[in-house]
Structure formats: C-alpha cells, structure tokens
Amino acid sequence: MLEKYPKEVKLVFKNFPLEMHPLARKAASAALSAHRQAKFWEYHHELFENMSSLSDQKFLDIAKGLNLNIDRFKKDMNDQSIQALIQNDVQNGSAASVTGTPTIFVNGKRLANRSIEGFQQMIDAELKK
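A. Examining the packing of aromatic side chains more closely. By the definition in use, this model includes 4 aromatic pairs. Between Phe40 and Trp41 the ring centres are 4.8 Å apart and the planes differ by 85°, which places this aromatic pair in the edge-to-face class. On the basis of relative accessible area, Phe40 is assigned to the buried category, the value being 8%. Through successive ring pairs, a cluster of aromatic residues spans Phe13, Phe40 and Trp41.

See below:
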C-alpha cells in the first residue's frame, strides 16, 4: 500500500508490548534505541526473526550485528524518554481498545480485514471522502 499510494498513505508504528511477553517492553526499548541510530526496521525485523530466543544478550547481539554503537545503544535502552514514549503508546492503544498485536488502523478506524484486499478497500473508501 505504501508503494501504491506513496503520497496518500503514511505508516505510523506504535508500541504495544503485551504483559504476557516478559521481554516485550525491553524489545520495544531496543527497537527504539536502534531507531536513534537509523536502524529501527532492521532491528524490528531481527526481533521477529529471533522471537523464540530473545534475551538481554540477544538484544545486544542483534545491535552488534547491525553495527550499532553499543555504548549508545545500552544508554538509550534505559533512556527515560524512550520509556515514556512506550508508555504513551500503550496508553493511547488502550484508549483505542487495542488488546493485541498487530492492530491496524486506517484514519483512526480499526481494520478488520487485514488481507491486501481489506487494506485496499478501506484505503480506497477513505480516499473517496
């Protein structure tokens, strides 16, 4: 959809670490720390590729594999502004009745049909307004 509508569609990613996943908040912090070094999506991809083996060491290993500045990464992992951003995303998600991930919204409306066709239909309907 981003390729099809490069001027009309914008992707906004929000964090919603689920409590049932004990390392979810740390994973969110790690991805946002990588973002400060322009590697958010690469780090995000690696988190999902390594989902079954996540640990504090794995967070560092991924950062090293992406050639991040490790001292800066470690500092950013504990940065209160990153923690506040995650908390704000969680509060906004809760207010929007988000209970799981991924949850997708188009112009503030929850996307029920997450197929390509569902995206297409909802985006087209919003663009006609």
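B. View of the layout of surface pockets. Its volume calculated, the largest pocket comes out at about 1,700 Å³. For the largest pocket, the lining is made up of 45 residues, of which Val12, Phe13, Lys14, Pro102 and Thr103 are closest to its centre. For the lining of the largest pocket, the elements supplying multiple residues, two or more each, are helix H1 (24–35), helix H2 (40–49), helix H5 (80–95), strand S1 (105–106) and helix H6 (116–127). By residue number, the principal contributor to the lining of the largest pocket is H2, which donates 5 residues.

C. Broad picture of the nonpolar core. If you look at the biggest cluster of nonpolar residues, it comprises 24 residues, and the most contacted ones within it are Tyr43, Leu47, Leu68 and Phe73. Elements that contribute at least two residues to this core include exactly H1, H2, helix H3 (56–65), helix H4 (70–77) and H5. Examining the composition of this core, we find that 6 residues originate from one element, H1, more than from any other. Ignoring sequence-local partners within four residues, the contact set of Tyr43 consists of Ala30, Ala31, Ala34, Phe59, Ile62, Ala63, Leu66, Leu68 and Phe73. Ranked by size, the runner-up nonpolar core spans 5 residues in total, among them Tyr5, Leu111, Met122 and Ile123.

The rules behind the values
- Residues numbered from 1 in each chain as written.
- Predicted model: local features only at pLDDT ≥ 70, side-chain atom pairs only at ≥ 80, totals over all residues.
- Heavy atoms only, no water.
- Phe/Tyr/Trp six-rings, centres within 6.5 Å; stacked < 30°, edge-to-face > 60°.
- Buried < 20%, exposed > 50% of the residue type's maximum accessible area, 1.4 Å probe, protein only.
- 1 Å grid on protein atoms, 1.4 Å probe; cavity = no way out; pocket = protein on both sides within 12 Å on 5 of 7 lines; lining within 4 Å.
- Points joined across faces, edges and corners; volume = space filled by probe spheres on them.
- Helix = DSSP H or I, 4+ residues; strand = E, 2+ residues; numbered from the N terminus.
- Core = buried A, V, L, I, M, F, W, Y, C linked by side-chain atoms within 4.5 Å.
- Contact = heavy atoms within 4.5 Å.

On their own, these measurements won't tell you what the molecule is for.
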